[in-house]
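Residue strings, one per chain:
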Amino acid sequence: MCPPAHFRVTYSINPWMDPGKPVDLPLALAQWEDLRDRYLALGHTVEELEPRRELPDMVFAANGATVVDGRVLGARFAHPERAEEAAVHAAWFRAQGYTDVLEPEHINEGEGDFAVTASWLLAGRGFRSSPLSHPEAQEFFGRPVIGLDLVDPRYYHLDTALCVLDDTTDGEIMYYPGAFSAGSREVLRRLFPDALVATEEDAAALGLNAVSDGRHVLLPQAAVGLFEPLRARGYEPIGMDLGELLKGGGSVKCCTQELRG
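Treat the numbers as computed from the prediction; the structure is a model and nothing was measured.

J.: What is the right way to look at the sheet that holds strand E7 (residues 162-164) in this model?
T.: Within a sheet, neighbouring strands are paired by backbone hydrogen bonds and run either parallel or antiparallel to one another. On the basis of which strands lie adjacent, the open sheet formed by three strands has the order E7-E8-E9 and mixed pairing. Two strands bound the open sheet, and with one partner strand each, they are E7 and strand E9 (196-197). Bridge count for strand E8 (residues 173-175) against E9 is two bridges, and the pairing is parallel. In the strand pairing of E9, Met-174 is matched with Leu-196.

The structure is reproduced here in structure tokens:
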């Protein structure tokens, strides 16, 4: 996770990303700190990536890499505004003693488009990450990659449309079908017949940009329709207010990179 230095709206295809709405920087920092402190209160370890003033989108730390079994697949960003972030993330991992760090040939935006289950890597494509990044990830991690086509520009990364609730099994996810092509919807239906299916309203609140530790699910507080279904499945939903960060296009998951040992 990386605290914001200063903040800039870069993309404007989503209703949350309105360049006409100024960001309250102290509030953005307070919201980020609340997320960090909530992880700590739940007993998790949090590593903070030192911010770089010239890279304000680095607060969306999920995009910097994908880590599985201690192996690190770095990022290669689609837009030049974020390109330099990849090297910062890779340098951090090497400084922390990670020895298996791959700088990719093909565009992938880290956990923005890669989601890890017990057996598979779910991989988004269509707006940011290249389809060529999928075989690259499969070869590196040695686990099957399931490609999923995103077709709604509001959901430009997989982590805006799908969340893995329990990565110790292959059956616990929640997702919004309208973000995916017809074929990808069928793949998800076959692989995850008991998935929690989000409504358009909860998806539009970025409710699927969430993080689950297998028990607690941290998600945007505005996604009110997801709370009871999560409780019914035995999870404890925790609503978070990241409204200022949402103006830049991200919420809980975008601000969180998971370090899977």
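J.: What am I meant to see in the pattern of salt bridges here?
T.: Opposite charge on two side chains permits pairing when their charged atoms draw close. One pass over the structure, following the stated rule, counts 21 salt bridges. The closest approach of N and O atoms between Glu-54 and Arg-52, which form a salt bridge, is 2.9 Å. Note that Glu-111 and Arg-260 form a salt bridge whose closest N and O atoms lie 2.6 Å from each other. With Glu-111 in the loop between strand E3 (101-102) and strand E4 (114-116) and Arg-260 in the segment after helix H7 (243-246), this pair connects stretches of sequence that are 149 residues apart. For Arg-260, a relative accessible area of 16% translates into the label buried.

J.: Sorry if this is basic, but what is going on with the side chain of Asp-159 here?
T.: Its location among the elements puts Asp-159 in the loop between strand E6 (145-149) and E7. For Asp-159, which is buried and forms no salt bridge, the nearest opposite charge comes from Lys-253, at a distance of 6.2 Å. If sequence neighbours within four positions are ignored, Asp-159 has contacts with Ala-62, Glu-111, Gly-112, Leu-208, Asn-209, Lys-253 and Cys-254.

J.: Can you walk me through the layout of surface pockets in this structure?
T.: To find leftover empty space, one rolls a probe the size of a water molecule over the atoms. Computed from the structure, the largest pocket encloses a volume of approximately 770 Å³. Among the secondary structure elements, those contributing two or more residues to the lining of the largest pocket are helix H2 (85-95), E4, E7 and strand E10 (211-212). Tallied by class, the residues present in the lining of the largest pocket amount to 21 nonpolar, eight polar and ten charged. In this structure, the second largest pocket is lined by Gly-74, Ala-75, Arg-76, Phe-77, Ala-83, Ala-86, Ala-87, Ala-90, Glu-103 and Pro-104. Here the residues of the lining of the second largest pocket are counted per class, giving seven nonpolar, one polar and two charged.

J.: Can you walk me through the environment of Gly-207 in this structure?
T.: Inspection of the secondary structure puts Gly-207 in the loop between helix H5 (200-204) and E10. As for Gly-207 and Ala-222, which are separated by 15 residues in sequence, their C-alpha atoms are 7.3 Å apart. Those residues in contact with Gly-207 that lie beyond four places of it in its chain are Met-174, Asp-202, Leu-219, Pro-220, Ala-223 and Leu-226.

J.: Could you clarify how one ought to interpret the packing of aromatic side chains in this entry?
T.: The geometry of an aromatic ring pair comes down to the distance between the two centres and the angle between the two planes. Per the stated rule, a full pass over the model turns up six aromatic pairs. By the ring-pair criterion, three or more aromatic residues cluster together here, those being Trp-92, Phe-93 and Tyr-98. The aromatic ring of Phe-140 is capped on one face by Arg-71, whose charged end is 4.2 Å from the ring centroid.

J.: I'm lost on the sheet that holds strand E1 (residues 65-68) in this one. Help?
T.: If you walk across this open sheet you meet the three strands as E1-E2-E3, and the pairing is mixed. For this open sheet the edge positions go to E1 and E3, each flanked by a neighbour on one side alone. With four bridges connecting them, E1 and strand E2 (residues 71-74) associate as antiparallel partners. Looking across to E2, one finds that Thr-66 is bridged to Leu-73. Here helix H3 (residues 133-141) sits on the sheet in contact with E1, E2 and E3, set at roughly 165° to E2.

J.: Can you walk me through the nonpolar core in this structure?
T.: Burial of nonpolar side chains together is a common tendency in soluble globular proteins. Membership of the largest hydrophobic core comes to 35 residues, with the highest contact counts inside it found for Leu-162, Met-174, Phe-180 and Leu-230. Listed by contribution, the elements that provide at least two residues to this core are E6, E7, E8, strand E11 (216-220) and helix H6 (227-232). Apart from the residues within four sequence positions on either side, Met-174 is in contact with Ala-161, Leu-162, Cys-163, Leu-165, Leu-196, Gly-207, Leu-208, Ala-210, Val-217, Leu-226 and Leu-230. In this structure, Phe-60, Val-211, Leu-245 and Cys-255 belong to the second largest nonpolar core, which totals 15 residues.

J.: I would appreciate a short explanation of the environment of Val-197 in the present structure.
T.: Inspection of the secondary structure puts Val-197 in strand E9. Taking the C-alpha atoms as reference points, Val-197 and Ala-91, 106 residues apart in sequence, are found 38 Å from one another. When residues no more than four places from it in sequence are discounted, the contact partners of Val-197 are Tyr-175 and Pro-177.

What counts and what doesn't
Residues numbered from 1 in each chain as written. Predicted model: local features only at pLDDT ≥ 70, side-chain atom pairs only at ≥ 80, totals over all residues. Heavy atoms only, no water. Pairing = 2+ DSSP bridges. Helix = DSSP H or I, 4+ residues; strand = E, 2+ residues; numbered from the N terminus. Salt bridge = Lys/Arg side-chain N within 4 Å of Asp/Glu carboxyl O. Buried < 20%, exposed > 50% of the residue type's maximum accessible area, 1.4 Å probe, protein only. Lys, Arg positive; Asp, Glu negative; His and termini not counted. Contact = heavy atoms within 4.5 Å. 1 Å grid on protein atoms, 1.4 Å probe; cavity = no way out; pocket = protein on both sides within 12 Å on 5 of 7 lines; lining within 4 Å. Points joined across faces, edges and corners; volume = space filled by probe spheres on them. Nonpolar A, V, L, I, M, F, W, Y, C, P; charged D, E, K, R; others polar. Phe/Tyr/Trp six-rings, centres within 6.5 Å; stacked < 30°, edge-to-face > 60°. Lys NZ or Arg CZ within 6 Å of the ring centre and 35° of its normal. Axes fitted to C-alpha atoms, helices over the stretch in contact; angles between N-to-C directions. Core = buried A, V, L, I, M, F, W, Y, C linked by side-chain atoms within 4.5 Å.

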